[in-house]
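One letter stands for each residue in the lines below.
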Amino acid sequence: MTHLMVDFSQEKKMLQALKFLPVPKAPEIDSDKCLVADNCITVKWKTPEEDSKIDHYILEYRKTNFEGLPRVKDERCWEVVDNIKDTEYTLTGLKFDSKYMNFRVRACNKAVAGDFSDPVTLETKALVFSFDGTSSHLNLKVEDSWIEWDSTGGKGQETKVKGKENKGSGTPSPKRTSVVSRPPSVKGTRDRFTGEAYTVLGDVVIESGQHYWEIKAQKDCKSYSIGVAYRSLGKFDQLGKNNISWCIHVNNWLQATFSAKHNNKAKPLEMPVPDRIGIYCDFDGGQLSFFNSDSKQLLHTFKTKFTQPLVPAFMVWCGGLTLYTGLQQPSFLTSLEKNDSEMNGSSSGIINGD
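Residues numbered from 1 in each chain as written. Predicted model: local features only at pLDDT ≥ 70, side-chain atom pairs only at ≥ 80, totals over all residues. Heavy atoms only, no water.

Student: Quick one: what's the story with the environment of W45, residue by residue and with numbers?
Tutor: Among the structural elements, W45 can be located in strand β3 (residues 40–46). With a relative accessible area of 4%, W45 lands in the buried category. Excluding its chain neighbours within four sequence positions, the residues that come into contact with W45 are P27, E28, I29, D30, Y57, I84, D86, T87, E88, Y89 and V105. (Helix = DSSP H or I, 4+ residues; strand = E, 2+ residues; numbered from the N terminus. Buried < 20%, exposed > 50% of the residue type's maximum accessible area, 1.4 Å probe, protein only. Contact = heavy atoms within 4.5 Å.)

Below is the structure:
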């Protein structure tokens, strides 16, 4: 009988020499060091103990309208940011169309990913609204965030009635508070404005607080106005030509003008018209300011005491406007608010409203 012997000594040495990587421990998000500013969110975390074997981190986030720990029901899927080498990450260019955002992070080595950190919830408060197609002049084509002059007066198109829910979003609509609310649909008809009042309102009412949104006009737009008004604005009333509306007006027809208008008084603005204009409304402080969104230059400020709820208001003729909401109050406004004298001394000037 033949006996065979197999020598596994080399393999045994190799197996004994193997070093298995431990599963990384869950990081800890430092919510006090996380920063929410200018529609950007910086998330910072740390590992419970030093681990030189960590190769990278994975950050996951999702929007929600619920405060506290994430809920399983009625939530969006987690968005993933992979291969983060540092212990912090900044998300930029966000639209804050939900009240909060959830975040969690986990560490990975070359072999395996560890457990997720405990999730944290950060507030992402901003004003979100759309153009209200039920309040527009018949000569305007209206989408949620876009309007355009229509010389046919809406013939052949169906009247669009905006629903109450957020279209195309898995996030439930946030409950409105006394800060902003939806206007009653008493005047929900397409003859809300007529004549030369080529106007459409926003579908939100501002009753308190500080809010910010932006507008961009088409390059060839002949004339447009942007601002706010009381809900009592008449169907023939043009923005800025009465004591219940405040706006800046751009006219590129025949003679180009750029001005701030209220109570049928106009103040010329001696500066180029920006491509994109920011509107800042401080209801309680009685301030309405307009800015160059790119350079942050102050264009004009109205100071008044608002005695009724406001609605965002827009006028356009021979052109179109695009609306941007879900924007945080920009951080540069904080420094301006701390120094009113600097704002009052700017070249833009101030008109005191009635």
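Student: Provide a residue-level description of the nonpolar core, including the pertinent values.
Tutor: Ranked by internal contacts, the top residues of the largest apolar core, which has 52 residues, are W213, I226 and F314. The element that contributes the greatest number of residues to this core is strand β22 (residues 310–317), accounting for six residues. Listed in part, the 20 residues of the second largest apolar core include I29, C34, I41 and F103. (Core = buried A, V, L, I, M, F, W, Y, C linked by side-chain atoms within 4.5 Å.)

Student: An account of the packing of aromatic side chains is needed here, citing residue identities and associated values.
Tutor: Enumeration according to the criterion identifies twelve aromatic pairs in this entry. Centre to centre, the rings of W45 and Y57 are 5.5 Å apart; their planes meet at 65 degrees, and the pair counts as edge-to-face. Placement of the pair is W45 in strand β3 and Y57 in strand β4 (residues 56–64), with a sequence separation of twelve residues. In this pair, the class of W45 matches that of Y57, namely buried. Aromatic pair F131 and F314: ring centres 4.9 Å apart, planes at 85 degrees, arrangement edge-to-face. Residue F131 is located in the loop between β8 (120–123) and β9 (140–143), and its partner F314 is located in strand β22; the two are separated by 183 residues in the primary sequence. Of the residues examined, F314 reaches a relative accessible area of 0% and is grouped as buried. By way of ring pairs, the aromatic residues W149, Y198, W253 and W317 are connected into one cluster. (Phe/Tyr/Trp six-rings, centres within 6.5 Å; stacked < 30°, edge-to-face > 60°.)

Student: Describe the confidence of the model for the protein chain, listing the residues and the values that go with them.
Tutor: Per-chain confidence: the protein chain averages 84 in pLDDT, with 81% of residues scoring 70 or above. The lowest-confidence element of the protein chain is helix α3 (residues 340–344), averaging 49 in pLDDT; the highest-confidence one is strand β6 (residues 88–91), averaging 98. (pLDDT = per-residue confidence, 0-100.)

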